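# Close look at the chain arrangement
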There are 2 protein chains.
Amino acid sequence: MFDLASYLPYLLNRAGTRIADAFTEVLRPHGITLTMWRVLAALDHEDGQRMGQIATLTSIEVSTLSRLVDALERKKLVERRRPTARGGGADARAVTVHFTAAGRRLTQQLIPTALDYETIALDGFSAAETRQIKALLLRLFHNMDRLDAAERTPARGRTLAAE
Amino acid sequence: MFDLASYLPYLLNRAGTRIADAFTEVLRPHGITLTMWRVLAALDHEDGQRMGQIATLTSIEVSTLSRLVDALERKKLVERRRPTARGGGADARAVTVHFTAAGRRLTQQLIPTALDYETIALDGFSAAETRQIKALLLRLFHNMDRLDAAERTPARGRTLAAE
DNA sequence: TATTGTTATACTCTATAACTATA
DNA sequence: TATAGTTATAGAGTATAACAATA
């Protein structure tokens, strides 16, 4: 009736926890946590994003993110800026987050290892299977997204590109 | 080069977070957290497991689990027992965790909703795709498992049935 | 000596809401 | 009024290690 080993949220949690734990060990000597890495990865995706965008992209709470960016600023890996008005209507409430040179360097240094771990996780998967699982995970995410929308929950992280 | 939207750990984290957040809302009125639910689900899988087994199955730290079981006992949902010697060599260090009647009742009540959420997440997936993503997640888990074994890390949660 | 589980401490993340400064 | 971000506080989970009881 309720078979844990074929229950999807369980499988997701197990697989996700394992990869997260393994990569946390990689990050440790660099003095950053997995959550910090998620912010750096989001900035690599697009530098100069606003706090809200980063929260959405990473599924990190805005209040958590705010203190996380404090910590990353203390480590001189990122910096906050108030967007200037040139070239368009700047919202003075907004804050954008930018790599420092050191932050970009560290991120570029870690990306190959991050990709290595993805490769390890996908060991034995064919190219077709790799594409398949990524596509299925994306669909799964969007299904939950629609549920949030239906419930009018102001869900965090609703804007992952539809592809 | 580093495309976040096709980076597997990111997709896993996003999909997992979404399902977890949604089900946490379901659990809230019942006064239990998602982590508590994982313990109840593990007990439904097999009642009377030892602390170590439950930690392994749920990927919850033993020390976290110990206080979690304290809380579940206070809620009268589970109870600890020291295994008795009859029928085999009982280890007096061990502690087993068992449903109370109320705990079993609550779990049975929540399982259909849990399955509903799985159905929502898999909305639009064919039976073949459903089987596929579960099989792929299981393989992914075992790949990380082998990595832990190779590094001789005393990983938590290494014993998910191989199927 | 090693293992099972408990406890203690400090830290991280979450949840909620109050707060500021803009819009 | 609403929104973007910060800050405060309490709760929940993790990490680490020390500990008691037993093997």
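A quick note: this is a predicted structure, and the numbers were derived from the prediction, not measured.

Reading the values: the criteria
- Sequence order as written defines the numbering, with residues in each chain counted from 1.
- For this description, chains carry letters from A and ligands carry numbers from 1, given in the order in which they are written.
- Residues qualify for local features only when their pLDDT is at least 70, as the model is predicted, and side-chain atom pairs are given and counted only at 80 or more; totals for whole chains, interfaces and linings, by contrast, use all residues.
- Think of the side-chain values as coming from all heavy atoms in the structure, minus any hydrogens and water.
- A run of H or I in DSSP counts as a helix once it spans at least four residues, and a run of E counts as a strand once it spans at least two, with each numbered from the N terminus.
- Exposure is judged per residue with a 1.4 Å probe applied to protein chains only, and the accessible area is read against the type maximum: over 50% gives exposed, under 20% gives buried, and values in between give partly exposed.
- Contact between two residues is taken to exist if any of their heavy atoms lie within 4.5 Å; hydrogens are not considered.
- The method behind every accessible area is Shrake-Rupley, applied with a 1.4 Å probe, and residues are considered shielded solely by the protein chains displayed.
- The directions considered for the arc are those from the helix axis to the C-beta atoms.
- Residues are labelled near a given molecule or strand when at least one of their non-hydrogen atoms is within 4 Å of it.
- Think of a polar contact as two N or O atoms within 3.5 Å of one another; within protein, one of them needs to be a possible hydrogen donor and the other a possible acceptor, and neighboring residues in sequence only count if both atoms come from side chains.
- In the scheme used here, Gly and all other residues not listed as nonpolar or charged are polar, with Ala, Val, Leu, Ile, Met, Phe, Trp, Tyr, Cys and Pro taken as nonpolar and Asp, Glu, Lys and Arg as charged.
- Strands pair, by our definition, only if DSSP identifies at least two bridges between them.
- Whenever Lys or Arg places a side-chain nitrogen within 4 Å of a carboxyl oxygen from Asp or Glu, that contact is recorded as a salt bridge.
- For helices, the fitted line uses only the C-alpha atoms of the stretch in contact; every axis is such a line through C-alpha atoms, and the angle between N-to-C directions lies from 0 to 180 degrees.
- Should an angle fall under 35 degrees it is called roughly parallel, over 145 degrees roughly antiparallel, and 65 to 115 degrees roughly perpendicular, with every other angle called oblique.

## Side note on the overall build of chain A
Across its full length, chain A holds six helices and three strands. Overall, chain A shows an N-to-C arrangement of helices and strands of α-α-β-α-α-β-β-α-α. Here chain A, with 163 residues, has 49% of them falling under the buried criterion. The long-range share in chain A, meaning contacts at least 24 apart out of those at least 6 apart in sequence, stands at 49%. Element-wise, carbon and sulfur atoms account for 52% of the exposed surface of chain A, whose accessible area totals about 8000 Å².

## Considerations on helix H3 (residues 51–58) of chain A
Those residues of H3 of chain A lying buried are Met-51, Ile-54, Ala-55, Leu-57 and Thr-58 of chain A. Buried residues in H3 of chain A, looked at end-on, bunch into an arc of 170°, giving them a common side. Buried-residue contacts for H3 of chain A involve helix H2 (34–45), strand E1 (49–50), helix H4 (62–74), strand E2 (78–81) and strand E3 (96–99) of chain A together with helix H1 (8–27) of chain B. With its phi angle positive at about 65°, Ser-59 of chain A sits one or two positions after the end of H3 of chain A.

## Comments concerning the protein's contact with DNA strand C
Taken together, 25 residues lie near DNA strand C, and Thr-35 and Thr-64 of chain A together with Ser-66, Arg-80 and Arg-93 of chain B sit nearest. When atoms of DNA strand C within 4 Å of the protein are split into backbone and base, the sugar-phosphate part holds 72%. One nitrogen or oxygen atom from the side chain of Ser-63 of chain A is found 3.3 Å from a base oxygen belonging to DNA strand C. The backbone of Val-95 of chain B places a nitrogen or oxygen atom 3.3 Å from a phosphate oxygen of DNA strand C. Here the surface near DNA strand C is built from residues that sort into eight nonpolar, seven polar and ten charged.

## Focus on the pairing of E3 of chain A
Residues and elements named next belong to chain A. Residues Thr-96 and His-98 point to one face of E3 and Val-97 and Phe-99 to the other, with burial holding for every one of them. With two bridges connecting them, E1 and E3 associate as antiparallel partners. The residue bridging Arg-50 from the neighbouring strand is Thr-96, located in E3. Relative to E3, E2 runs antiparallel, the two sharing four bridges. Note that in E3 the partner of Glu-79 across the bridge is His-98.

## Some remarks on the sheet that holds E3 of chain A
The pairing of strands in a sheet happens through backbone hydrogen bonds and is either parallel or antiparallel. Pairing within the open sheet is antiparallel, and its three strands lie in the order E1-E3-E2 (chain A). Edge strands, defined here as strands with exactly one partner in the open sheet, are E1 and E2 of chain A.

## Structural notes on the protein's contact with DNA strand D
Surrounding DNA strand D, one finds 25 residues, the nearest of these being Gly-52, Ser-66, Arg-80 and Arg-93 of chain A together with Thr-35 of chain B. The protein-proximal atoms of DNA strand D, defined as those within 4 Å of the protein, are 73% sugar or phosphate. One of the side-chain nitrogen or oxygen atoms of Arg-50 of chain A is found 3.4 Å away from a sugar or linking oxygen of DNA strand D. Between DNA strand D and the protein, one listed contact pairs a base oxygen with a side-chain N or O atom of Ser-63 of chain B at 3.2 Å.

## Here we look at the pattern of salt bridges
Counted by the stated rule, this structure contains 18 salt bridges over all chains. Between Glu-118 of chain A and Lys-134 of chain A there is a salt bridge; the shortest N-O distance is 3.1 Å. Within this pair, whereas Glu-118 of chain A is found in helix H5 (residues 101–121), its partner Lys-134 of chain A is found in helix H6 (residues 127–150), the two being separated by 16 residues in sequence. Side by side, Glu-118 of chain A and Lys-134 of chain A carry an identical accessibility label, which is buried. A salt bridge links Glu-25 of chain B to Arg-28 of chain B, with the nearest nitrogen and oxygen atoms 2.7 Å apart.

## Looking at the sheet that holds strand E1 (residues 49–50) of chain B
Within the open sheet, the three strands sit side by side as E1-E3-E2 (chain B). Their pairing is antiparallel. The outermost strands of the open sheet, each flanked by one partner alone, are E1 and strand E2 (78–81) of chain B.

## Some thoughts on the environment of Ala-102 of chain B
Structurally, the position occupied by Ala-102 of chain B is in helix H5 (residues 101–121). Sequence separation between Ala-102 of chain B and Met-1 of chain B is 101 residues, and the spatial gap between their C-alpha atoms is 53 Å.

## Points about the packing of H2 of chain A against H5 of chain A
Residues and elements named next belong to chain A. Where H2 meets H5, the closest approach of the two axes is 11 Å, and the angle between their N-to-C directions is 100°. In terms of their interaxial angle, H2 and H5 are classed as roughly perpendicular. Residues Trp-37, Leu-40 and Asp-44 of H2 form the contact with H5, whose own contacting residues are Leu-106, Thr-107, Gln-108, Leu-110, Ile-111 and Ala-114. For the contact of H2 with H5, the residue count by class is six nonpolar, two polar and one charged.

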